[in-house]
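One letter stands for each residue in the lines below.
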Amino acid sequence: MSELQAVTGQLYIVDGVMQTVTSGSPTPGILVQPPPSKAARSRSRDFLFVHLTLSGNVGETAVLTQDLLDLISQKFYATSGSLTAALRGAIMTANQTLLQRNLTSKETAREGGITCAVLRQDELFTLQAGETLALLGHNFGIERLPPRQLDHITPLGRTSGLDIRYAHHRLQSGDLMLLADPRLSHLPTDDFNEALVDTDIESGLDSLIDIVADESARLLMIEFNDDSLLDLPDVVVPRPREGQMVAPTPQPRRDPEIVAHPVTSGERLPQPVRESQTTLARDSARTLPIIDRQQVETTARRAGSQAALGLSTFTAWLVDLLSRLRPPRTADAPAEEEEPTSLTWPILIAIFIPVFIAVIVSGVYLERGRNQRLSEIQTEMSQFISLADQVGADSAQARQYYNEALALAVEAETEVRPGDGTVAQLRATARQRLDVLDDITRLSARPYYEFSEGTALTHVELRDGFNGGIFILDKGNGLVYEQETDESYLNPLTLEPEARLFNGQAVGSGVVGSVIDMFWRPAGSAVSRDGLAMLDSNGALLTYQPNLGSTFAVPLDLASQWQAPIAISTFDERLYILDIGARVIWKYFPSGDDFIANADDRTIFFDADPELNQVIDFDIFSQDGGLVLLYRDGRIRYYDTRSSRLEWDESDVLANGLLTPFVAPTSVEIVGRGLNASIFVADPGSGRIVQISRPTGQVLAQYRATAPDGSELFSQISDFAIAETPLRVFVTTEQTLYLAVQE
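Nothing here was measured: the structure is a model prediction, and the numbers come from that model.

A. Quick look at the overall build of the protein. The secondary structure content of the protein amounts to 10 helices and 39 strands. Looking at the 743 residues of the protein, the share that counts as buried comes to 49%. Partitioning the intrachain contacts of the protein with sequence separation of at least 6 by distance along the chain shows that 61% fall at a separation of at least 24. Of the accessible surface of the protein, which amounts to about 35500 Å², a share of 51% is contributed by carbon and sulfur atoms.

Below, the structure is given as C-alpha cells:
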C-alpha cells in the first residue's frame, strides 16, 4: 500500500477577476487540513479537504462558512472509529448547527452544499450533501461526483435528515481531484479534460482559469503523488494571465461574540427520589474493586528493569560483534600481511547505538506514564462512584457522578490501556447503578452481520408472518438487502445478505431512484401478496415480493408537489407520506394496483399547527389510525386522526415514568395490536429505546444495550425493528446490524 502525498492549489475568481489567495486570506469555503497533533488515534493518518458553498453573497457568508468548517474539522479529528462514520457525524453536526441558526436567527436563512474528501495512504473517501460538484481525473478520463444529475437534493441547513452520498476510490500517483462550486455544474465533463487528465497541478490550474473565464468560482485542486524524491510544494499558487485583473480576497470582520456551536439538549428536569439509592450507598465500599497502587508502581519498576536488562544484553552483543569485525593480531604474524578491515559496520553501529538507547528509554517513560494515568483513572472512577452513592436523594447529582465515571472509562479504553480489568469492573458497577437510578432494563447485543466500510445503514424492517427475514437499507451505496432467517429471526439461513434492489435498477418502465423509507406491506384487497414497500425519490412506490422474487413500481399521483418527504406509513391499505418541506402528511387511496390522490381529502387534517417541519419520524397504528409524531428536539405527540384530537404529548410521558427527557431521538415505531400495542422510541442522545403505552402515554420500559466492546450500543443507533415475545431488538449502526436481547 503506497503512501500518497497531496499537493493543493486554490483558485478564486469573481466575474473573471482573479482574487489573490494567501495563508492570511484563504478562499472562503475551502479547507485543507492535515491531521493535527491532538487528533484521535484513528484519525492520525487522515488528510481532510472540504468545499462548502452557502447561499447568498460570499462576503456575507464568509464568517458563517468558516465557523462551519472549523466545526467539521474539530468534530472529525476528535472522533475515533470508522472514517466514514466520523466524517458523516461531522457533516451532520454542521448541518444541525446551520439548521438551528436558520430556525432561531432573524438573519437570512442559509442553505448549501458540501463535499468532504479524506486521503488515507492511497485511498480517497468522499462524502457529499446538497448540490455539489467534484471531479476526479485519471490518466484515462474523468469521474464526476455525483455521476449524474440528481432528481432530489436536500441542501445543508434545511432539515435534520441529509441525503449523504458516498464514494471510495483507490488512487494512483498523478491523479487529480477538483472540488468546485455547483454553479459550474452546467459545464460538460469533457471541458475539464485539459485541466485534469494526464497533466500536473500547475498546468491544471492554468487551464482552469480559461475554463472559468468570466464566471465566478471557488476551486480546490489536489494532486496525489508518491514521488518523495521530488521537492513538491504543499501549496501551488496559480499564476494570473498577462493583463488579467487581480484583486485581494475580501476578508469580512468576525464578531468575536458570535461562535457556531452544536445543537445542545434542553434543560434537565428535576428527578424524583429513588428508594434503592440508600441501599447502593450502603453496599458501595463492599462492591467497589480495591486499587493496588503498590502493584501499579511495581509494574512500572518491572518495565524499567526489564528494559535495562535488555539494554545490557544488547550492549554485550555489540561488543562481541565489534571484536569479530576486527580480531586481535597474533605476535608472530607479520604486520604487512594484515588485511584492511571495512569501517562501514562500526560507523553504522556508532550511529544507531544512541538511537536504540533513546528509543528504549522513551519506551520506559511512556509505559510508566500510562501506568500512572491508569492508576489516576481508576482512583477517580472509584471516587465518583462513591460520591454518587453518598448523595442521598439528589438523583440528578448522582447521575452526573456516574456519567463522569463512565467518561473516564472511555478515556482509559481508547487512550491509555484497552481491556484493563479494574476499569471494566468499575464501569460495570457505574453502569449497573445508573440503570437502577433510571429504571433501565439492560440488554446484551451481538453483531448479526457486519457490512464493509463505506456503507451507511439507515433503515431495518422485519418480514411479518411466519417465514422470517430481515431487510436492511444501505443508503450510502443505494442498496436494499434481504437476510433470510428462520421464524424467530435469530438464525440466518444464508451466509450473508443478498441485494434485492439498487439505485438505477430498471423496474417496469422506470428507474429506481433513492429509497427514502420502507415498510412491510401485508396482503389485502388491493394487493394479493405480502411484500416490502419502499418510497422512491422519483415519486413511486416500489414493492418487492419475496415469494415471487420480483419487484414492481406504482407511480404516485401529484408527486411533483412533494418537497422533502422523509417517511412513509400505511393504514387501511392507504399510504401516508410525511413531507417536512411542504409541512403536510400526504394521503393516497388504493385503486386496484395503483394509488390515487383525492382532491377533497389530500392530507391529514390537524386542529392546530403540528409543526411538521420539526418532525423527524412518524408512524400510524394499523387498527384505528392513531398517529404518533416524533420531533427532533425530543417532543412526542399522539393524535386521534378521526377527530384530529391530541391524545397526549411529551409532558404526559414525563409525568408517567420518563425520568430523563429525550435528547436527540431518531425514529419511532408502533408495535403490537389492540390495547397491548406499544410505541418504541429510539433516542441515541441518551442511549435508550423507550417503550410507551399507546393509549395512555405511560412509560412501560426503558432499554439500554451493551455492545461487545463495552460501549453503549443505542448511542450509535440509526434505526431499529422490534420482534416481541420474547423481545428481540434489531439495530442498525453505520455499517453493522446488531441483535439485542434480554439476558
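Resuming the write-up.
B. Local environment of the pattern of salt bridges. Inspection of the entire model under this criterion finds 27 salt bridges. Glu-111 is the partner of Arg-158 in a salt bridge, and the nearest nitrogen-oxygen pair spans 3.2 Å. Here Arg-158 is found in the loop between β8 (142-145) and β9 (165-170), whereas its partner Glu-111 is found in the loop between α2 (83-104) and β5 (112-120), with 47 residues between them in sequence. Among the residues examined, Arg-158 registers a relative accessible area of 39% and is labelled partly exposed. By relative accessible area, which is 27% here, Glu-111 ends up partly exposed. A salt bridge links Arg-218 to Asp-181; its shortest N-O distance comes to 3.5 Å. In this pair, Arg-218 sits in strand β11 (residues 217-225) while Asp-181 sits in the loop between β10 (176-180) and α3 (193-196), placing the two residues 37 residues apart along the sequence. Here Arg-218 falls in the buried class, since its relative accessible area comes to 4%. What makes Asp-181 buried here is its relative accessible area of 1%.

C. Inspection of the sheet that holds strand β36 (residues 699-706) at higher detail. Pairing in this open sheet of 8 strands is mixed, and the strands run β33-β34-β35-β36-β14-β39-β38-β37 from one edge to the other. Looking along the sheet, the strands with just one partner apiece sit at the ends: β33 (667-671) and β37 (719-723). Direction aside, neighbouring strands of the sheet carry axes that sit 25° apart on average. With 5 bridges joining them, strand β38 (residues 728-732) and strand β39 (residues 736-742) adopt antiparallel strand pairing. Directly across from Arg-728, in β39, lies its bridge partner Val-741. With respect to the sheet, helix α9 (residues 421-438) is in contact with β14 (441-450) and β36, its orientation differing from that of β36 by roughly 165°.

D. Representation of the pairing of strand β1 (residues 5-14). Counting buried positions over the 10 residues of β1 gives 8, a clear majority of the element. Two elements, β1 and β11, share 9 bridges in a ladder whose sense is antiparallel. Looking at the pairing, Gly-9 lines up with Met-221 of β11. As paired strands, β1 and strand β2 (residues 17-20) are joined by 3 bridges and run antiparallel to one another. Residue pairing for β2: Tyr-12 is matched across the bridge by Gln-19.

E. Spotlight on the sheet that holds strand β6 (residues 123-129). Read from one edge to the other, the open sheet built from 5 strands follows the order β3-β4-β5-β6-β9, with strand pairing classed as antiparallel. Two strands in the sheet have a free side with no partner beyond their single neighbour: β3 (30-33) and β9. Averaged over all neighbouring strand pairs, the angle between strand axes comes to 10°, with direction disregarded. Looking at chain direction, β5 and β6 are connected through 7 bridges and run antiparallel. Residue pairing for β6: Cys-116 is matched across the bridge by Leu-127. Its contacts with the sheet put helix α1 (residues 58-78) on β3, β4 (47-54) and β5, and the angle it makes with β4 is roughly 150°.

F. A look at the confidence of the model for the protein. For the protein, the mean per-residue pLDDT works out to 81, and 80% of the residues sit at or above 70. Averaged pLDDT values over the elements of the protein bottom out at 44 in helix α5 (residues 277-287) and peak at 97 in strand β30 (residues 627-631). Long-range and interchain partners of residues 229-233, a stretch whose pLDDT sits below 50, account for 5 contacts in this model, where long-range means more than four residues apart. Here residues 251-287 scores under 50 on pLDDT; set against residues more than four positions off or in separate chains, the count is 55 contacts.

G. Representation of the packing of helix α8 (residues 395-416) against α9 in the model. It is the contact of α8 with α9, at a shortest axis distance of 9 Å, that shows an interaxial angle of 150°. As the angle between them shows, α8 and α9 are arranged roughly antiparallel. Note that α8 runs across α9; the crossing there is left-handed. Listed contacts from α9 to Ser-395, Ala-398, Arg-399, Tyr-402, Asn-403, Ala-405, Leu-406, Ala-409 and Ala-412 of α8 are Val-423, Arg-427, Ala-430, Arg-431, Arg-433, Leu-434, Leu-437 and Asp-438. Residues of the contact of α8 with α9, tallied by class, amount to 10 nonpolar, 2 polar and 5 charged.

H. Region of interest: the environment of Thr-154. Looking at the element boundaries, Thr-154 is found in the loop between β8 and β9. Residues Thr-154 and Gly-581, 427 residues apart in the sequence, show an inter-C-alpha distance of 9.9 Å. When neighbours within four sequence positions are excluded, Thr-154 is seen to be in contact with Gly-130, Thr-159, Gly-161 and Leu-162.

I. The arrangement of the environment of Leu-124 in detail. You can see Leu-124 is positioned in strand β6. For Leu-124, a relative accessible area of 0% gives the class buried. For the pair Leu-124 and Ala-167, spaced 43 residues apart in sequence, the C-alpha separation works out to 8.2 Å. If sequence neighbours within four positions are ignored, Leu-124 has contacts with Ala-117, Val-118, Leu-119, Leu-136, Ala-167, His-168, His-169, Leu-171, Met-177 and Phe-224.

J. Structural view of a nonpolar patch on the surface. Among the surface-exposed residues, Phe-352, Val-355 and Val-359 lie close enough to one another that they form a single nonpolar patch of about 270 Å² accessible area. Structurally, Val-359 can be placed in helix α7 (residues 344-389).

K. Representation of the pairing of strand β7 (residues 133-137) in the model. Across the 5 residues that make up β7, a large majority, 5, are buried. Burial along β7 is two-sided: Leu-133, Leu-135 and Gly-137 facing one way and Ala-134 and Leu-136 facing the other are all buried. Where β7 and β10 come together, 5 bridges link them in antiparallel fashion. Bridging from a neighbouring strand, Gly-137 pairs with Leu-176 of β10. Pairing analysis gives 4 bridges linking β7 to β8, with the strands arranged antiparallel. Note that in β8 the partner of Leu-136 across the bridge is Glu-143. Taken together, β7 and the strand that follows it, β8, pair antiparallel across an intervening segment of 4 residues, in which Gly-141 is found at a positive phi of about 160°.

L. Expanded view of unusual backbone geometry. Note the cis peptide between Leu-145 and Pro-146, where omega equals -5°. On the secondary structure map, Pro-146 appears in the loop between β8 and β9. Look at the link from Thr-725 to Pro-726: it is a cis peptide, with omega at -5°. Along the chain, Pro-726 turns up in the loop between β37 and β38. With a phi angle near 55°, Asp-572 is a residue other than glycine that sits in the positive phi range. Among the secondary structure elements, Asp-572 is positioned in the loop between β25 (565-571) and β26 (574-579). With relative accessibility at 49%, the residue Asp-572 sits in the partly exposed group.

M. Spotlight on the environment of Asn-547. Within the secondary structure, Asn-547 is located in the loop between β23 (540-545) and β24 (550-555). Along the chain, Asn-547 and Asp-530 lie 17 residues apart, while their C-alpha atoms are 8.4 Å from each other. Setting aside residues no more than four positions away along its own chain, Asn-547 makes contact with Arg-463 and Arg-529. In this structure the side chain of Asn-547 is engaged in a polar contact, spanning 2.9 Å, whose partner is the side chain of Arg-463.

The rules we used
- Residues numbered from 1 in each chain as written.
- Predicted model: local features only at pLDDT ≥ 70, side-chain atom pairs only at ≥ 80, totals over all residues.
- Heavy atoms only, no water.
- Helix = DSSP H or I, 4+ residues; strand = E, 2+ residues; numbered from the N terminus.
- Buried < 20%, exposed > 50% of the residue type's maximum accessible area, 1.4 Å probe, protein only.
- Contact = heavy atoms within 4.5 Å.
- Areas by Shrake-Rupley, 256 points an atom, 1.4 Å probe, with all protein chains shown as cover.
- Salt bridge = Lys/Arg side-chain N within 4 Å of Asp/Glu carboxyl O.
- Pairing = 2+ DSSP bridges.
- Axes fitted to C-alpha atoms, helices over the stretch in contact; angles between N-to-C directions.
- pLDDT = per-residue confidence, 0-100.
- Parallel < 35°, antiparallel > 145°, perpendicular 65-115°, else oblique.
- Left-handed = near helix turned anticlockwise from the far one by under 90°.
- Nonpolar A, V, L, I, M, F, W, Y, C, P; charged D, E, K, R; others polar.
- Patch = residues over 30% accessible without salt bridge, like charges linked within 9 Å, V, L, I, M, F, W, Y side chains within 5 Å.
- Polar contact = N/O pair within 3.5 Å; in protein donor to acceptor, adjacent residues only side chain to side chain.

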